[in-house]
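# Results of the structural survey
Okay, here's what each chain looks like letter by letter:
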Amino acid sequence: MSIVALFLLLALIALCGLLLGYFAQKFKIEGDPIVEKIEAVLPQTQCGQCGFAGCKPYAQAIAKGEADINRCPPGGQEGVQKLADLLGLEAKPLDAEVGEEKPPQVAFIVEDWCIGCTKCIKACPVDAIIGSNQKMHTIIADECTGCELCVDPCPVNCIVMKPRDATLWQWTQPQDGNTGADHENP
């Protein structure tokens, strides 16, 4: 074989390698597409009721077959059905071990009771609470996912949950002198 033919063969191999590298980058798929589809069905509350740190880890576990599709109380039975349809599985009842289905909720801070401890801010997975140390806090309702993770850390029980579709005018502050955790929302 001549040197010219060998050089042309090496040039052709290098060109093919460059083209393969280019197209590998151009058509690269980020992440697992099925995980993204599963995550899109989940309600994004990041509440951890399913036993995972948030919706994405739960979606990854479902995709790997390590978790069942019926462990998301915020998604409810409708969410279980959507996951079953997406994955070609049979829908199951919501797993009672993880909680019961609830209507969408939003946290509400009884501002007169808030002492500004910032424990709720640290607990919120979506940064829906604003306020500063030793100042009153408030919830950004449009950002709140209703995960309830801010309720337990509050030392004065000034955080209550209310239905998301209720207006502020439909909720009344409890008048019996107890703290927020002892009250039920109407």
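What counts and what doesn't
Residues numbered from 1 in each chain as written. Predicted model: local features only at pLDDT ≥ 70, side-chain atom pairs only at ≥ 80, totals over all residues. Heavy atoms only, no water. Buried < 20%, exposed > 50% of the residue type's maximum accessible area, 1.4 Å probe, protein only. Helix = DSSP H or I, 4+ residues; strand = E, 2+ residues; numbered from the N terminus. Arc of directions from axis to C-beta. Salt bridge = Lys/Arg side-chain N within 4 Å of Asp/Glu carboxyl O. UniProt positions renumbered as here; feature names shortened; annotations may be inferred. Contact = heavy atoms within 4.5 Å.

### Comments concerning helix α3 (residues 55–64)
Inspection of α3 places C55, Y58, A59, A61 and I62 among the buried residues, and these make up the whole buried set. Down the axis of α3, the smallest arc covering the buried residues is 160°, so these residues share one side. One or two residues past the end of α3 sits G65, with phi positive at roughly 80°.

### Let's talk about the pattern of salt bridges
Tallied over the entire structure, the rule returns 4 salt bridges. One salt bridge in this structure joins R71 and D95, with 3.0 Å as the shortest N-O distance. Linking R71 in the loop between α3 and α4 (76–87) with D95 in the loop between α4 and β1 (105–109), this pair joins segments that are 24 residues apart in sequence. Notably, a salt bridge pairs K82 with E78, separated by 3.4 Å at the nearest N-O pair. Placement of both K82 and E78 in helix α4 is noted, with a separation of 4 residues, approximately one turn of the helix. Given a relative accessible area of 53%, E78 falls into the exposed group.

### Considerations on the UniProt feature "binding site: [4Fe-4S] cluster 3" (unreviewed entry) in the protein
Following the UniProt record, one finds the feature "binding site: [4Fe-4S] cluster 3" (unreviewed entry) at C124, C144, C147 and C150. Across 27 residues, the annotated set stays spatially compact, with a maximum C-alpha separation of 10.4 Å. Checked against the element boundaries, C144 lands in the loop between β3 (138–139) and β4 (159–163). Among all residues touching C144, those that are not within four sequence positions of it are V106, A107, A128, I139 and R164.

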